[in-house]
Amino acid sequence: MSKYPKRLKRSQAFVGLHFDFHANEKCTQVGKTVTLEMLQNMLKLTKPDYVQCDCKGHPGYASYPTKIGTAAPGFTQDPLKLWRQATAKQGISLYMHYSGVIDKIAVKKNPDWASYNVDGEPNENGSPSVFGPYVDELMIPMFKELAGDYQVDGVWVDGECWGVQMDYSTYALKAWAKATGKTQAPKSEDDPDWLEYRDFQRQGFREYLAHYLTEMHDAYPDFELASNWAYTGHMPEKVELDVDFISGDISLQNGFNRARLDSRIIEGQPKPWDLMSWSFNGSPKESEYSTKTAVQLNQEAAAILAMGGGFQAYFLQKSDGSICEWQMTLAQQTIQFCRERQAYCHRATPVPQVGLILSAESYYRQTDLLLSPWGGFYTAMEGNLRNLLDNQYAVQAPMTWELQEDINRYPLLVFAQWEHIEEDLKTRLINYVKDGGNLLIIGPSAVANFADELGITINGQPEKQMHYIAASPSSICGMKVNTLPITADAQTQVTHWLYPDNEALNPTTPAATLRKLGQGQIAGIYLDMGENYAKSQTCASRDFLGSIVKQSSTINCSLIFSGIISLVGLFTNRPSIAVGFQSIQSKLFALAAIDEVIASKDLD
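The structure presented is a predicted model; accordingly, all values stated were derived computationally and were not measured.

**Q** Tell me about the overall build of the protein, and please be specific about residues and values.
**A** Of regular secondary structure, the protein possesses 19 helices and 23 strands. Among the 604 residues that make up the protein, the fraction classed as buried is 60%. When contacts within the protein are restricted to residue pairs at least 6 apart in sequence, long-range pairs at least 24 apart make up 76% of them. Carbon and sulfur atoms provide 48% of the accessible area of the protein, an area that totals close to 23,500 Å².

In structure tokens:
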């Protein structure tokens with residue numbers, strides 16, 4: 001394809017489009033209404049850096065006439081050839097959407113490839129065992145087919161870390177015995193080897209990922225791969241494997257707030273990254289969808305661009321692989337919105353102010369699924385983040401490994417609602433405070449790890465009950481959440497109390513405390529706030545947390561306000577206001593205020 005324009009590598013790209021339809025057994029006329037003109041018109045209109053389109057989804061059927069895997073039941077033509085021809089002619093990279101650790105037809109045809117549950121049955125989500133032959137007998141050969149026969153530029157591998165299940169297949173049990181010398185695998189959390197077996201399963205995924213990355217990079221050095229949600233909040237580890245970029249698709253509902261959280265978790269990784277917004281919302285279980293407006297997609301994009309990331313939007317393909325052409329006007333508007341901000345945003349880095357810690361140890365010990373649950377697990381973290389952002393602080397969400405490398409860059413660290421803490425992290429946080437740092441602990445489980453440092457005595461177990469908190473004499477909020485009864489010692493200042501009624505009378509137990517520790521300060525909040533704020537934001541709850549942050553840190557708020565004027569212009573349709581911003585784009589960026597501007601402004 002040397003006659004075509006040079007294409008931008010995916011790891012260099014800024015904005016793209018994603019299409020998939022997860023072909024299944026009912027797809028009997030794939031390619032019927034797909035035309036080269038349709039694809040060329042779409043690309044000329046939208047002008048993305050890259051396109052990702054379907055080649056194999058969770059059902060396992062290929063949407064091109066593969067010679068390796070299981071093709072969809074019927075084709076009128078090969079649509080993938082048209083996608084490659086259209087993108088190559090316009091110098092646009094082409095990447096494939098390919099489901100890895102979810103492939104229902106593969107495990108149906110090859111039951112021994114499946115991962116098995118504790119009862120000896122294949123896992124319901126159709127996940128192949130990462131310890132088995134699936135990766136060598138199907139996945140890598142299909143990748144090589146795509147690279148060799150179709151000359152695609154890479155693969156965005158779906159259904160990966162978040163699709164992994166606890167595996168009791170023959171392959172997994174043999175690998176366990178070889179690794180540990182143990183003949184029995186634990187079957188419940190009551191077994192003494194349970195956590196070790198979970199860690200072993202995660203290591204199996206890492207080795208599976210490393211294997212196909214190595215095989216493909218050796219065979220096709222320019223072929224780029226990302227494992228969906230690897231090295232993000234679903235797998236909160238430092239990048240150790242040779243992924244070419246980091247990527248994930250945020251939830252179709254609540255996309256703006258999830259984009260704020262996920263982008264802050266990923267931005268500290270030493271790899272190019274992007275997040276994908278779904279162009280529709282609704283109920284997947286009911287197959288009930290509504291296309292989002294361009295304004296809504298722009299809002300979700302802005303939350304990602306604000307942290308220096310790339311953006312892509314996901315549009316459904318029809319069951320024959322064609323696209324909904326009317327939706328491409330929305331895609332064009334969103335890509336234009338991103339382009340107007342590219343020079344200011346792409347690869348920009350935040351100025352650290354508040355670090356909302358993601359504890360890998362607690363995450364891995366608390367999750368019900370193996371690596372990464374969808375749903376409500378991060379609701380508390382999202383709620384606390386939103387509260388801090390509503391207080392107009394710039395917030396990042398460092399993983400544990402980031403604090404091992406440079407903990408002192410944050411004027412304030414927040415350890416919120418984690419049940420466990422790594423001993424190394426606890427020691428590091430205490431030393432950080434003693435050396436002049438500021439630490440805020442939120443939630444009964446979290447503060448229990450720092451009782452001595454906080455200077456408190458715990459007087460019982462957490463209880464979920466209704467309490468009121470006075471952020472100020474005229475600002476009182478009620479919360480029915482878990483609270484911890486404590487007594488503060490003489491050197492610990494009680495800054496706020498819990499009250500039984502909606503007035504600041506008859507305090508029952510401290511709501512928050514503050515204490516000097518060495519050269520720094522440590523503060524505690526003795527109730528779970530995150531879930532409450534995520535579902536019912538109140539000004540008083542915001543003011544309560546904000547007053548604690550103000551008392552427990554010395555963040556230079558002038559930095560925030562100096563950026564708001566320029567950023568208001570940057571993230572509305574008045575970019576001319578952002579005069580002079582480009583000269584400091586890499587230094588002054590992750591200002592939480594911009595998210596509130598985005599959320600509150602009519603971007604039209």
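**Q** With reference to specific residues and values, describe unusual backbone geometry.
**A** In this model, His-22 sits at a positive phi of 50 degrees, which is unusual for a non-glycine residue. Locating His-22 in the fold gives a position in the loop between β1 (15–20) and α1 (36–46). Here His-22 falls in the buried class, since its relative accessible area comes to 18%.

**Q** Outline the pattern of salt bridges, listing residues and values.
**A** All chains considered together, the criterion is met by 23 salt bridges. For Lys-9, the salt bridge is made with Glu-224, and the minimal N-O distance between the two is 4.0 Å. Pair noted here: Lys-9 is in the segment before β1 and Glu-224 is in strand β7 (residues 224–227), with a separation of 215 residues, a long-range link. Between Glu-237 and Arg-206 there is a salt bridge, with its nearest N and O atoms 2.7 Å apart. Here Glu-237, found in the loop between β7 and β8 (246–249), pairs with Arg-206, found in helix α6 (residues 194–219); they are 31 residues apart in sequence, far enough to count as distant. For Arg-206, a relative accessible area of 21% gives the class partly exposed. Residues participating in the shared-partner salt-bridge network are Arg-258, Asp-262, Glu-382 and Arg-386.

**Q** Let's hear about the packing of aromatic side chains: which residues, and what values?
**A** Taken as a whole, this structure holds 22 aromatic pairs when the rule is applied. Between Tyr-98 and Phe-143 the ring centres are 4.9 Å apart and the planes differ by 70 degrees, which places this aromatic pair in the edge-to-face class. You can see Tyr-98 sitting in strand β5 (residues 93–99) and its partner Phe-143 sitting in helix α4 (residues 134–149), a full 45 residues away along the chain. For Phe-143, a relative accessible area of 0% translates into the label buried. Relative to Tyr-197, the ring of Trp-176 lies with its centre 4.9 Å away and its plane at 90 degrees, an arrangement referred to as edge-to-face. With Trp-176 in helix α5 (residues 170–180) and Tyr-197 in helix α6, the pair connects residues that are 21 residues apart, well separated along the chain.

**Q** Tell me about the packing of helix α8 (residues 294–305) against helix α9 (residues 328–345), and please be specific about residues and values.
**A** The N-to-C vectors of α8 and α9 enclose an angle of 25 degrees; their axes lie 9 Å apart at closest approach. In terms of axis orientation, α8 runs roughly parallel to α9. In this structure, α8 crosses over α9, and the sense of that crossing is right-handed. Of α9, the residues touching α8 (which contributes Ala-294, Leu-297, Asn-298, Ala-301, Ala-302 and Leu-305) are Leu-330, Gln-333, Thr-334, Phe-337, Cys-338, Arg-341 and Cys-345.

**Q** I'd like a rundown of the environment of Gln-317, residues and numbers included.
**A** Along the polypeptide, Gln-317 turns up in the loop between β12 (310–316) and α9. With a relative accessible area of 7%, Gln-317 lands in the buried category. Counting along the chain gives 299 residues from Gln-317 to His-18, while the straight-line C-alpha distance between them is 9.4 Å. Setting aside residues up to four positions removed in sequence, Gln-317 forms contacts with Phe-19, Asp-20, Phe-21, Cys-53, Asp-54, Trp-83, Ser-322 and Ile-323. Among the polar contacts listed, one links the side chain of Gln-317 to the backbone oxygen of Gly-321, at a separation of 2.9 Å.

**Q** Any details on the sheet that holds strand β19 (residues 475–483)? Residues and values, ideally.
**A** Two strands in a sheet stick together by hydrogen bonds in their backbones, pointing the same way (parallel) or opposite ways (antiparallel). Pairing is mixed across the open sheet formed by nine strands, whose spatial order is β14-β13-β15-β16-β23-β22-β21-β18-β19. Edge positions in the sheet fall to β14 (395–396) and β19, since each has one partner strand and no second. Pairing analysis gives nine bridges linking strand β18 (residues 463–472) to β19, with the strands arranged antiparallel. Following the sheet pairing, His-467 is matched in β19 by Met-479. Contacting β15 (412–416), β16 (438–442), β22 (509–517) and β23 (520–525), helix α13 (residues 423–434) crosses the sheet at an angle of about 145 degrees to β15.

**Q** Provide a residue-level description of the side chain of Asp-320, including the pertinent values.
**A** Relative to the helices and strands, Asp-320 is located in the loop between β12 and α9. The charged side chain of Asp-320 is buried without a salt bridge, its nearest counter-charge being Lys-318 at 6.4 Å. Within the structure, the side chain of Asp-320 is placed 2.5 Å from the side chain of Thr-33, a separation counted as a polar contact. Of the polar contacts made by the side chain of Asp-320, one reaches the side chain of Ser-322; its length is 2.6 Å. Other than its neighbours up to four places away in sequence, Asp-320 contacts Gln-29, Val-30, Gly-31, Lys-32, Thr-33 and Val-34.

**Q** Quick rundown of the pairing of strand β21 (residues 493–499)? Include the residues and the values.
**A** Bridge analysis of β18 against β21 gives two bridges, and the strand direction is antiparallel. Opposite Ile-469, over in β21, you have Leu-498 as the bridge partner. As judged from the five bridges shared by β21 and β22, these two strands associate in the antiparallel manner. The partner of His-496 across the bridge, within β22, is Ala-512.

**Q** Account for the confidence of the model for the protein, naming residues and giving values.
**A** This prediction gives the protein a mean pLDDT of 90; 89% of its residues lie at or above 70. Across residues 371–375, confidence stays below pLDDT 50; counting only partners more than four residues off in sequence or on other chains, it has 19 contacts.

**Q** Report on the state of the cysteines, specifying residues and quantitative values.
**A** Per the stated rule, a full pass over the model turns up zero disulfides. Between Cys-53, a free cysteine, and Cys-55, which holds the nearest cysteine sulfur, the sulfur-to-sulfur gap is 7.4 Å.

Cut-off values and rules
Residues numbered from 1 in each chain as written. Predicted model: local features only at pLDDT ≥ 70, side-chain atom pairs only at ≥ 80, totals over all residues. Heavy atoms only, no water. Helix = DSSP H or I, 4+ residues; strand = E, 2+ residues; numbered from the N terminus. Buried < 20%, exposed > 50% of the residue type's maximum accessible area, 1.4 Å probe, protein only. Contact = heavy atoms within 4.5 Å. Areas by Shrake-Rupley, 256 points an atom, 1.4 Å probe, with all protein chains shown as cover. Salt bridge = Lys/Arg side-chain N within 4 Å of Asp/Glu carboxyl O. Phe/Tyr/Trp six-rings, centres within 6.5 Å; stacked < 30°, edge-to-face > 60°. Axes fitted to C-alpha atoms, helices over the stretch in contact; angles between N-to-C directions. Parallel < 35°, antiparallel > 145°, perpendicular 65-115°, else oblique. Left-handed = near helix turned anticlockwise from the far one by under 90°. Polar contact = N/O pair within 3.5 Å; in protein donor to acceptor, adjacent residues only side chain to side chain. Pairing = 2+ DSSP bridges. Lys, Arg positive; Asp, Glu negative; His and termini not counted. pLDDT = per-residue confidence, 0-100. Disulfide = S-S within 2.5 Å.

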